[in-house]
Protein chains: 2
Amino acid sequence: MSRTRRTGNFSLGLDFGTESVRAVLVGTSTGEMAGESVQSYRSGVMDESLPGRSRVRLPPDWALQDPRDYLQSLKEAVRRVLRTSGVKPGGVIGIGIDFTSCTMLPALGDGTPLSAVRAFRDEPHAWVKLWKHHAAQPQADRATRIALERREPFLSRYGGRISSEWMFPKILEILEKAPKVAGNAERFLEAQDWVAWQLTGLERRSSCAAGYKAFWSKRAGLPPADYFKALHPDLPEIVSRKMGKTVLPPGQKAGGLLPGWAGVLGLPPGTPVGVPIIDAHAAVLGSGVSGENEMVLCMGTSTCHLLLDRKEKPVRGMTGVVEDGIIPGSFGYEAGQAAVGDLFAWLVRSILAKPDGPREEAGIFSRLESRAARLRPGESGLLALDWWNGNRSILMDAGLSGLIVGLTLNTKPHEIYRALMEATAMGTRRIIQEFESQGLPVLKLHAAGGLAEKNPLLLQVYSDVTGREIRVPRSRQVCALGAAILGSVAAGSPRGHGSVHEAVRAMTSPGRISVKPDPGRGAVYEKLYGSYCRLHDAFAPGGDTVMKDLREIRSRILADPKA
Amino acid sequence: MSRTRRTGNFSLGLDFGTESVRAVLVGTSTGEMAGESVQSYRSGVMDESLPGRSRVRLPPDWALQDPRDYLQSLKEAVRRVLRTSGVKPGGVIGIGIDFTSCTMLPALGDGTPLSAVRAFRDEPHAWVKLWKHHAAQPQADRATRIALERREPFLSRYGGRISSEWMFPKILEILEKAPKVAGNAERFLEAQDWVAWQLTGLERRSSCAAGYKAFWSKRAGLPPADYFKALHPDLPEIVSRKMGKTVLPPGQKAGGLLPGWAGVLGLPPGTPVGVPIIDAHAAVLGSGVSGENEMVLCMGTSTCHLLLDRKEKPVRGMTGVVEDGIIPGSFGYEAGQAAVGDLFAWLVRSILAKPDGPREEAGIFSRLESRAARLRPGESGLLALDWWNGNRSILMDAGLSGLIVGLTLNTKPHEIYRALMEATAMGTRRIIQEFESQGLPVLKLHAAGGLAEKNPLLLQVYSDVTGREIRVPRSRQVCALGAAILGSVAAGSPRGHGSVHEAVRAMTSPGRISVKPDPGRGAVYEKLYGSYCRLHDAFAPGGDTVMKDLREIRSRILADPKA
């Protein structure tokens, strides 16, 4: 199976996704992909029960993982990519990591995950809480409310709202629901930082995850202890004694590969391991962006909008701005749409798919796609507000919901499909407009991620709706490439790179697929976008309350079995 | 096959629907159903091409019928019901007719349909235009505009808008698109009047169809010749010379059965034939309603709301008010919802049904039904405006469209199904509210028609949403029963009845199914109805124009192949 031996310097990128880890070996001088290997997590996403023989059932909104899976899958993926790529172990000069976030766990002081301790094996709160574990919504709402009441300035860096996906709501959930876990845990940390700790023996925190998901700021530090105390009396002690203090920017060397791991992986001991980065944020680097005014859309089940700038500006409607969050010396701005790929999947899986299973899903998708592609803008007669999972940016309101208007007895599924695509494109245009109106011009637009790679129609719709050229990197694995870029930075000159900027320039290809707006389609979309904005404002907070009313009535009924 | 001989007096009701004619024999003293027979029209609804070997294709929005089918199907249905019911020919004392409307045709002076004349066989405009032939929309719009410009008072009897389904838009379409047909036609008439003419040899017009569909009023007559001239220079001559002048109320004797037809049908020559009635309006009689303050919902693909009153009040948002339109001496008020059964069929057929055919439709309907029945009010989290086919009442605006709000990634088809049911129920509540606010109290609510007979969940939703008891007649064929009632009135005393009131009292059963509102559900629906009304007004004319904008953009694009 082994290929020709490759010479030169390579960086190992480890891309920890929701279902699997991908290992890539990337040449540090030109960015060529020498090898790639994917290994699923043995227990995947646990959303119904704990793994193995455990009978413990999980409530809805839960999503856990087994931290041992990360190490096991990483071992197999790395060994395989070394074997199949023909890269000599000595050619691997550094290791970079990107990871979903906030994916967090409680651990002992030596790094042992609490879920690996026999006494806590049947305790759901002892396991890794995956980014999409949404059971901490009440805690998130309380954290927002109290921050507003106390006029905490940190909240403005997060667009005024704390997400249930973030670190502190998840810790609060453990404190409240499983005080024994909270009491016995000696560390609370991001899974990405835990993996780097396992590999290097040193506990470091990434400024990316700490900044975007855990209220940390390079200049302002953390919110005051009083705030944490108002959330829970035990929280200040957790913050001061059970969470890492050494926060470093992604790509800085976290440490050297421990001899034990070096043996297991077949790599030189001491190989530099970079401080990790969040997966969507790695896409910025993998897309070849390291400067200002270029927005990267990382498009998957949801979309992240990322933009770098030299200054900090409190932008309304963003989900976070973090200094050193993506690249040292820059402020990384993040906005988002909470349902994009998920929205299309909803139409196909929940509404259209046949009752007898998901096998036809791919067929339905491709039929919808080819029919939707033949529609001209405006031909469906439909317009939608893409808020099926709430509106993350620019309204920061998870209580909003989806709307379709223009339905007639002739409306067909592919017309709805296209209307949903257009709605997400208009949501992105609204975000760009908001950034620009607040002094952050978007001169170039890049798209990356699974949806961007697989869906040319979607890119054309985005280009036509925004009236902008959209650039898609030729590499299909921009997150993993971003991780490899960080590995080369951790290695440093002369074999690696002296800075993230230098590594991005060297390791990403300027050539990329470009989708340009069709000038004939602009006028209709201009008009439709006007209507979208009118509806947007009509149902935004301050407008008609029907979306909130419906949600509130529904929750009340679901909570009352006698209603 | 023949049953025991039945004695007594029976009326033959002929119910001409969209696809078939139903013949019933009903005892005139107690209303017992002695027999029933249905015969489909050979050519059904022609919406793709003319019948037989003709290659003539029809554009979208067209819907034609072959007038010979009415006579052929009537002959077979009547013969069969006589044979199987055991009623002796001499026991049949009268014939009543109900019919879809405005279903019209051009004919020669002797009653020969123009489509039966060899020279016009391949001319689509020579055939019967079925009620749902919608190609005369431009003519209808022009007729409305000119009536508004001229401030024609007749328009207020029709809620301010002329429908493309009515008589004059259809005549105008013939005048403009097929002047040869218009020139050669010697009569333009309702198919119901044509059938009665065939049976009796006398050309009479029903005040029901003339009033609701052709601008006629007992007191005001027709609009002035100048108005017709403004629509088309040749129209005044058609009105004065080619349309019947003898307008009689339904149930009055139109004439006696011609000997030729008596032989064909096996009935006594001279059997009284009553002046016909529109099918939905026959449901009022068949539901046992002949007095004031009782609204009948005739629920099928669309819903008609019918109410009798002794006075004429120009009610906003109705589709028509006609003196003698249903019962002599009363004003019949009509309002309507343009898509009800059609809306549920859209969800199942156009959105959910599997690509491999309509066989599973019934299964999908019954699954949706049982799941939707388990939902509590408000549990779906959805709210819809039921305007998929425009809003007939109370907004009289065919350019409006459907809207759903509250959609989430968890929304399921049965939740949408229930939301659509609730939306049509709220539309009906809005209509009742409008009637009541204008001095027409609705003290009792009746439901009839296919949807009411087959869908107990729908009735419960209507009852819960309106907060009213809903009565459903025990007879399943209320339209045909209404026709038979008119046949007994045409026969007159002593074998039949001296008045429609008397016949309704004698021939309908006071016992009926009653659906009562569940008091526990009222509060939630009260709240949801408030939201519905807010959305209703927000998108009504004068509110947000997005529905009109989308429709206008779509029409412009469809009209321009290069767009």
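All figures in this text were calculated on a predicted structure; none of them were measured in a lab. (Residues numbered from 1 in each chain as written. Chains lettered and ligands numbered in written order. Predicted model: local features only at pLDDT ≥ 70, side-chain atom pairs only at ≥ 80, totals over all residues. Heavy atoms only, no water.)

S.K.: Before we go on, may I ask you to explain the sheet that holds strand S18 (residues 383–385) of chain B in this structure?
M.R.: Across a sheet, strands are paired by hydrogen bonds formed along the backbone, either parallel or antiparallel in direction. Taken in spatial order, the four strands make up an open sheet running S18(A)-S19(A)-S19(B)-S18(B), and their pairing is antiparallel. In the strand order of this sheet, the two ends are held by strand S18 (383–385) of chain A together with S18 of chain B, each with one partner. For this sheet, the mean angle separating the axes of adjacent strands, direction not counted, is 10°. Relative to strand S19 (residues 402–407) of chain B, S18 of chain B runs antiparallel, the two being bridged by three bridges. Paired with Ala384 of chain B across the bridge in S19 of chain B is Ile404 of chain B. The sheet strands contacting helix H18 (residues 519–539) of chain B are S18 and S19 of chain B, and the helix crosses S18 of chain B at an angle near 40°. (Pairing = 2+ DSSP bridges. Helix = DSSP H or I, 4+ residues; strand = E, 2+ residues; numbered from the N terminus. Axes fitted to C-alpha atoms, helices over the stretch in contact; angles between N-to-C directions. Contact = heavy atoms within 4.5 Å.)

S.K.: Is there a simple way to explain the packing of helix H13 (residues 413–437) of chain B against helix H15 (residues 456–466) of chain B in this structure?
M.R.: A pair of packed helices can be characterised by two numbers: the angle between their axes and the separation between those axes. Residues and elements named next belong to chain B. In the contact formed by H13 and H15, the axes pass within 9 Å of each other and the chain directions differ by 45°. Classified by the angle between their axes, H13 and H15 sit oblique to one another. Taken as a pair, H13 and H15 cross one another with a handedness that is right-handed. Between H13, through Arg418, Met421, Glu422, Thr424, Ala425, Met426, Thr428, Arg429 and Ile432, and H15, the contact on the second element is made entirely by Leu457, Leu458, Val461, Tyr462, Val465 and Thr466. Residue classes in the contact of H13 with H15 are distributed as nine nonpolar, three polar and three charged. (Parallel < 35°, antiparallel > 145°, perpendicular 65-115°, else oblique. Left-handed = near helix turned anticlockwise from the far one by under 90°. Nonpolar A, V, L, I, M, F, W, Y, C, P; charged D, E, K, R; others polar.)

S.K.: Could you clarify how one ought to interpret the state of the cysteines in this entry?
M.R.: Throughout this description, disulfide means a covalent bond between two cysteine sulfur atoms. This structure, assessed with the given rule, holds zero disulfides over all chains. Cys208 of chain A supplies the cysteine sulfur nearest to Cys102 of chain A, a cysteine that is in no disulfide, at a spacing of 12 Å. Among the residues examined, Cys102 of chain A registers a relative accessible area of 0% and is labelled buried. For the unlinked cysteine Cys479 of chain B, the closest cysteine sulfur is that of Cys298 of chain B, found at 4.7 Å. You can call Cys479 of chain B buried: its relative accessible area is 15%. (Disulfide = S-S within 2.5 Å. Buried < 20%, exposed > 50% of the residue type's maximum accessible area, 1.4 Å probe, protein only.)

S.K.: Would you explain the relation of the copies chain B and chain A in this entry?
M.R.: A rotation about an axis combined with a shift along that same axis relates the two copies of the chain. Here chain B sits on chain A after a turn of 180° about the axis and a move of 0.2 Å along it, with an RMSD of 0.1 Å. Both chain copies can therefore be described as sitting about a two-fold axis. Mapped onto chain A, 100% of the interface residues of chain B again fall at the interface, so both copies present the same surface. (Least-squares fit on C-alpha atoms with pLDDT ≥ 70 in both.)

S.K.: Please explain the interface of chain B and chain A as it appears in this structure.
M.R.: Often, the extent of an interface is quoted as the loss of accessible area upon association of its parts. At the junction of the two partners, chain B supplies 59 residues and chain A supplies 59 residues. Across the interface of chain B and chain A, roughly 4600 Å² is buried in total on both sides, 63% from carbon and sulfur atoms. Taken together, the connections running from chain B to chain A amount to six salt bridges. Asp549 of chain B is the salt-bridge partner of Arg534 of chain A, the closest N and O atoms lying 3.5 Å from each other. In this structure, the connection of chain B to chain A is made through 21 residue pairs in polar contact (both at pLDDT 80 or more). Element by element, the count of residues in the side of chain B that touches chain A is highest for helix H19 (residues 546–559) of chain B, at 11 residues. (Buried area = accessible area lost by both parts, 1.4 Å probe. Salt bridge = Lys/Arg side-chain N within 4 Å of Asp/Glu carboxyl O. Polar contact = N/O pair within 3.5 Å; in protein donor to acceptor, adjacent residues only side chain to side chain.)

S.K.: What is the right way to look at the side chain of Asp66 of chain A in this model?
M.R.: All names here are of chain A. Along the polypeptide, Asp66 turns up in the loop between strand S4 (64–65) and helix H1 (67–85). Under the relative-accessibility criterion, Asp66 is labelled buried at 4%. A polar side-chain atom of Asp66 sits 2.9 Å from a polar atom in the side chain of Arg68. What Asp66 contacts, discounting residues up to four positions off in sequence, is Met46, Pro51 and Trp127.

S.K.: Quick question: what am I supposed to make of the pattern of salt bridges here?
M.R.: Between side chains of opposite charge, a pair can form as their charged atoms come close. Counted by the stated rule, this structure contains 57 salt bridges over all chains. Taking the shortest distance from any N to any O, the salt bridge between Arg468 of chain A and Glu436 of chain A comes out at 3.2 Å. Of this pair, Arg468 of chain A sits in the loop between helix H15 (456–466) and strand S21 (470–473) while Glu436 of chain A sits in helix H13 (residues 413–437); the two residues are 32 residues apart in sequence, bridging distant segments of the chain. Look at Glu436 of chain A and you get partly exposed, because its relative accessible area is 32%. Between Lys527 of chain A and Glu552 of chain B there is a salt bridge, and its shortest N-O distance comes to 3.7 Å. In this pair, Lys527 of chain A is assigned in helix H18 (residues 519–539) and Glu552 of chain B in helix H19, connecting two distinct chains. Look at the salt bridges and you will find they share partners, linking Lys218, Arg219, Glu323 and Asp324 of chain A into a network.

S.K.: What should I look at first to understand the sheet that holds strand S20 (residues 444–448) of chain B in this one?
M.R.: Residues and elements named next belong to chain B. One open sheet accounts for seven strands, arranged S16-S17-S15-S14-S20-S21-S22; its pairing is mixed. Strand pairing shows two members of the sheet lacking a second neighbour, strand S16 (320–323) and strand S22 (512–515), which therefore form its edges. If you compare each strand with its neighbour and ignore which way they point, the axes differ by 25° on average. Bridge count for S16 against strand S17 (residues 331–337) is four bridges, and the pairing is antiparallel. From the neighbouring strand, Val322 faces S17, where its bridge partner is Gly332. Against the sheet, helix H10 (residues 279–286) makes contact with strand S14 (294–299), strand S15 (303–309), S17, S20 and strand S21 (470–473), and its axis sits at roughly 55° relative to S15, the strand it touches most. Lying over the sheet, H13 contacts S14, S15, S17 and S20, oriented at roughly 150° with respect to S17.

S.K.: Where do I start with helix H11 (residues 341–352) of chain A in this structure?
M.R.: An α-helical segment advances 3.6 residues per turn. Residues three or four places apart therefore align on the same side. Along its 12 residues, H11 of chain A runs 15 Å from first to last C-alpha, staying within 8% of the 16 Å computed at 1.5 Å per residue. Burial in H11 of chain A covers these residues: Gly341, Leu343, Phe344, Ala345, Trp346, Leu347, Val348, Ile351 and Leu352 of chain A. (Expected span 1.5 Å × (residues − 1).)

S.K.: Would you mind going over the packing of H1 of chain A against helix H5 (residues 191–200) of chain A with me for this structure?
M.R.: All names here are of chain A. Closest axis-to-axis distance for the H1/H5 pair is 11 Å, and the angle between their directions is 55°. On the basis of their axis angle, the class for H1 and H5 is oblique. The element H1 and its partner H5 pack so that their crossing is right-handed. Along the contact surface, H1 presents Pro67, Tyr70, Leu71 and Leu74, while H5 presents Ala191, Trp194, Val195, Gln198 and Leu199.

S.K.: Before we go on, may I ask you to explain unusual backbone geometry in this structure?
M.R.: What you tend to see is this: most non-glycine residues have negative phi, and most peptide bonds are trans. With omega at 5°, the peptide bond leading from Ser393 of chain A into Ile394 of chain A counts as cis. As for its placement among the helices and strands, Ile394 of chain A is situated in the loop between S18 and strand S19 (402–407). Note the cis peptide between Ser101 of chain B and Cys102 of chain B, where omega equals -5°. Checked against the element boundaries, Cys102 of chain B lands in the loop between strand S5 (92–99) and strand S6 (104–107). The residue Arg151 of chain A is not glycine, and still its phi comes out positive at about 50°. With respect to the element layout, Arg151 of chain A can be found in the loop between helix H2 (137–149) and helix H3 (167–177). When its relative accessible area of 74% is taken as the criterion, Arg151 of chain A is described as exposed. At Met396 of chain A, a position not held by glycine, the phi torsion is positive, near 55°. One can find Met396 of chain A in the loop between S18 and S19.

S.K.: What's the story with the domain arrangement of chain A in this structure? I'm lost.
M.R.: Residue and element names in this part refer to chain A. Structurally, chain A comprises domain 1 (10–281 + 478–507) and domain 2 (341–471 + 518–559). Taking only C-alpha atoms, the centre of domain 1 and the centre of domain 2 are 31 Å apart. Counting from both sides, the interface comprises five residues of domain 1 and, opposite them, five residues of domain 2. When the buried area of domain 1 at its contact with domain 2 is split by residue, Gly159, Arg161 and Val478 rank highest and sum to 77% of it. Inspection of the region where domain 1 meets domain 2 yields zero salt bridges. Summed over the shared surface of domain 1 and domain 2, the number is zero residue pairs in polar contact (both at pLDDT 80 or more). Counted by class, the side of domain 1 that touches domain 2 contains two nonpolar, one polar and two charged residues. (Domains from an automatic or database assignment.)

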